[in-house]
Amino acid sequence: KPRTAVIGAGPAGLACAWHLALAGHAVKVFEAGPEPGGVPANVIPRFRIDRGEIAADIARIKALGVEFAFGSPVDSLDALRAQGFSSFFVGIGADSAKDLSLAGSGVEVVDALAFLGKIGAEGPEAFAGKRRVVVAGGGNTACDAVRAATRIPGIESVSLSYRRTRREMPADLEELENAEAEALALKAGGKRAGDGGAAKAIYELSLPEEAKPGALVLRKMALGERDASGRRSPEPTAETFELPCDLLVAAIGEAPDRATLESFGIAFGPDRKPIADAATMATGAPGVYLGGDARRGPASIIAAEADGRAAARAIVAASGGEFPQADYRPPRIDYAKLARRGEIIKPLAFGEPGFAAREAERCLACDSACLRCVEVCPNRANTFIEAGGPFAQQAQILHLDRLCNECGNCGFFCPYEGEPYSGKITLFDGADDLAVSRNAGFAFIGKGATPALLARAEIGGPALELDYASWNGAASLPRLERLVALARAVFRDHRYLLEATP
């Protein structure tokens, strides 16, 4: 059997091990910590995820024959190669916290992962004696830290400081609302310094700057020009304010351990991110694959598991084997159900007749039609059409150039780290509009029943003009196959989208 070493027992590593074992590979998982599960088991608060469910998943993986070695950090791949391992999946996560620059003293500072990890291991009592906690950050980890802090015995107030506005927070709305509600429940009965006389839990446009005994000085911020992320950059103002604080939890982001990754032969790009193929997870080091938060930076559990599965597929292919073909295929879209998106369907109690059927009705079928970028665009510049043809996924997003002002909203809300306004195939009104854009896309040239098609297959690439017989006939166009399929669908079934075409 081909032998694969999986380094890290988090979601990415466990997913990779599972799929490799199903394909008949011998797998051994090396974990530096005392138990498997990674962030879900050791960081995410217990009130959010049941440890029993994690244990059941681990048991299923062990039942396939996967071996585990705990308390076994891997410093070199050479020793593993000597043991007969031919391929390696690195899923060590991103647990190197970014530093928060803070002048002065008098306030204890702890990074969010250490804070949540200690509470997970010892319970909220680990921070007993702390009365006023401030969490700095705007992601889901920051929200978890807020909710965990509200459970500290004797806690009086928990506040969240974020340098941008609520609108720019990367946290899921549900997580933010839950964190705010629990923090406000502590403050509802009294007035706090900096609250302006009213209970308040979230301090937008603020950045912790200086610590004093029992207090934190925060700098008020203002939004400036957009940065590389598409969000407006926070800039300091001349104003500050104070909040009572004896514990500051820094949730400003984490990064992978660069030294460890480089010791495995993994290179880093100019953006300071490790280099790995987005489809196969392969790195430049022979037989070494990288996935999960170590590749992406902090992301979702599902994204990490997807990386593990993609790496397993690539490892099996590289060994000459075949990946199990029981892959899930999205069902054909039921447009009647799709039209009900947003309708609130109340659940039935578990065990009631019809429970499973009701739950199926409540599912948004995001794996078949995510539509997040369609729903959040204020200008309706993203639409979906049923393309068929070469697409495994029927519902394809088409970006309408004429309606887009590049506000970035679709990119901000995209759960797949995409930028739909620039990454989706774009319908242009004409050659001039296509020429001033870098987007891949197409424009119909000429009026009448047989227009030519101006098509750009790659972002920033050259445009190619095809006569009607070429793009809407039987000609084989391998590089343009998907783009032409969308053009045909638009021309055949969605002519209304061409009303502004000259």
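Residues numbered from 1 in each chain as written. Predicted model: local features only at pLDDT ≥ 70, side-chain atom pairs only at ≥ 80, totals over all residues. Heavy atoms only, no water.

*Asks:* Run through the packing of helix H1 (residues 11–22) against helix H10 (residues 301–318), naming residues and quoting values.
*Replies:* Taken N-terminus to C-terminus, the directions of H1 and H10 make an angle of 35°; their axes are 7 Å apart at the nearest point. H1 and H10 meet at a crossing whose hand is right-handed. Within the contact between the two elements, H1 uses Pro-11, Ala-12, Ala-15, Cys-16, His-19 and Leu-20 and H10 uses Ile-301, Ala-304, Glu-305, Gly-308, Arg-309, Ala-311, Ala-312, Ile-315 and Val-316. When grouped by side-chain class, the residues that make up the contact of H1 with H10 number eleven nonpolar, two polar and two charged. (Axes fitted to C-alpha atoms, helices over the stretch in contact; angles between N-to-C directions. Helix = DSSP H or I, 4+ residues; strand = E, 2+ residues; numbered from the N terminus. Left-handed = near helix turned anticlockwise from the far one by under 90°. Contact = heavy atoms within 4.5 Å. Nonpolar A, V, L, I, M, F, W, Y, C, P; charged D, E, K, R; others polar.)

*Asks:* Explain the pairing of strand E4 (residues 87–90) residue by residue, including any values.
*Replies:* Taking every second residue as pointing to the same face, both faces of E4 are buried, with Ser-87 and Phe-89 on one and Phe-88 and Val-90 on the other. Inspection of the sheet shows strand E1 (residues 3–7) paired to E4 by four bridges, in the parallel sense. Following the sheet pairing, Ala-5 is matched in E4 by Phe-88. Relative to strand E16 (residues 288–290), E4 runs parallel, the two being bridged by three bridges. Residue pairing across strands places Val-90 opposite Leu-290, the latter belonging to E16. (Buried < 20%, exposed > 50% of the residue type's maximum accessible area, 1.4 Å probe, protein only. Pairing = 2+ DSSP bridges.)

*Asks:* Go over unusual backbone geometry with me, naming the residues and quoting the values.
*Replies:* A positive phi angle, near 70°, is found at Arg-272, a position not held by glycine. Here Arg-272 shows up in the loop between helix H8 (258–263) and E16. Taking the relative accessible area as the measure of exposure, Arg-272 reaches 69% and is therefore exposed. With phi around 70°, Met-281 is a residue other than glycine that occupies positive phi space.

*Asks:* Explain the nonpolar core to me, using residue names and the numbers behind them.
*Replies:* Ranked by size, the top nonpolar core spans 31 residues in total, and within it Phe-115, Val-133, Val-135, Leu-160 and Val-249 carry the most contacts. Only helix H5 (112–122), strand E8 (132–136), helix H6 (140–149), strand E9 (157–161), helix H7 (173–187) and strand E14 (247–250) provide two or more residues apiece to this core. For this core, the element with the most residues is H6, which contributes six residues. With near-sequence residues (within four places) excluded, Val-135 lies in contact with Ala-142, Ala-145, Val-146, Ser-159, Leu-160, Ser-161, Val-249 and Ala-251. Of all hydrophobic cores here, the second largest spans 27 residues; its members include Cys-16, Ile-58, Phe-89 and Val-316. (Core = buried A, V, L, I, M, F, W, Y, C linked by side-chain atoms within 4.5 Å.)

*Asks:* Residues and numbers for the confidence of the model for the protein, please.
*Replies:* When pLDDT is low, close inspection of the predicted coordinates is not appropriate. The predicted model of the protein has a mean per-residue pLDDT of 89, with 95% of residues at 70 or higher. When the criterion is pLDDT under 50, residues 190–197 qualifies, and its contacts beyond four places in sequence or with other chains add up to 15 contacts. (pLDDT = per-residue confidence, 0-100.)

*Asks:* Could you give an account of the packing of H6 against H7, with specific residues and numbers?
*Replies:* Contact geometry of H6 with H7 gives a least axis separation of 9 Å together with a crossing angle of 25°. Considering the angle they form, H6 stands roughly parallel to H7. Relative to H7, the crossing made by H6 is left-handed. Residues Asn-140, Cys-143, Asp-144, Val-146 and Arg-147 of H6 form the contact with H7, whose participating residues are Glu-175, Leu-176, Asn-178, Ala-179, Glu-182 and Ala-183. Along the lines of polarity and charge, the residues of the contact of H6 with H7 split into five nonpolar, two polar and four charged. (Parallel < 35°, antiparallel > 145°, perpendicular 65-115°, else oblique.)

*Asks:* How would you explain the pattern of salt bridges if you had to name every residue and give the values?
*Replies:* Using the criterion set out here, one finds 19 salt bridges in the structure. Close ionic contact of Glu-242 with Lys-212 constitutes a salt bridge, the shortest N to O distance being 2.9 Å. Of this pair, Glu-242 sits in strand E13 (residues 232–244) while Lys-212 is found in strand E11 (residues 206–212), placing the two residues 30 residues apart along the sequence. Arg-295 is paired through a salt bridge with Asp-307; the nearest N and O atoms lie 3.2 Å apart. Of the two residues, Arg-295 is situated in helix H9 (residues 293–296) and Asp-307 in helix H10; the sequence distance between them amounts to twelve residues. When its relative accessible area of 15% is taken as the criterion, Arg-295 is described as buried. (Salt bridge = Lys/Arg side-chain N within 4 Å of Asp/Glu carboxyl O.)

*Asks:* Hey, could you go over the environment of Leu-20 for me, with residue numbers and the actual values?
*Replies:* Among the secondary structure elements, Leu-20 is positioned in helix H1. Of the residues examined, Leu-20 reaches a relative accessible area of 0% and is grouped as buried. Put simply, Leu-20 and Ala-455 are 435 residues apart on the chain and 40 Å apart in space, counted from C-alpha to C-alpha. Ignoring any residue separated from it by four or fewer positions in sequence, one finds Leu-20 in contact with Thr-4, His-25, Val-27, Ala-312, Ile-315 and Val-316.

*Asks:* Let's hear about the sheet that holds E8: which residues, and what values?
*Replies:* With parallel pairing, the five strands of this open sheet are ordered in space as E7-E14-E8-E9-E10. Edge positions in the open sheet fall to strand E7 (108–111) and strand E10 (202–203), since each of these has one partner strand only. One ladder, built from four bridges, connects E8 with E14; its direction is parallel. Bridge pairing in E14 links Val-133 to Leu-247. Along the sheet, H7 contacts E9 and E10; its crossing angle with E9, the most-contacted strand, is approximately 140°.

*Asks:* Can you lay out the side chain of Asn-409 for me, pointing to particular residues and giving the numbers?
*Replies:* Assignment of secondary structure puts Asn-409 in helix H14 (residues 409–413). Its relative accessible area of 13% is what places Asn-409 among the buried residues. Apart from the residues within four sequence positions on either side, Asn-409 is in contact with Arg-167, Val-376 and Pro-378.

*Asks:* Could you give an account of the sheet that holds strand E6 (residues 103–104), with specific residues and numbers?
*Replies:* If you trace the four strands from one edge of the open sheet to the other, you get E6-E11-E12-E13, paired in mixed fashion. Of all the strands in the sheet, just E6 and E13 have a single pairing partner and so form its edges. Relative to E13, strand E12 (residues 215–226) runs antiparallel, the two being bridged by nine bridges. Among the inter-strand pairings, Leu-223 is bridged to a residue of E13, identified as Pro-234.

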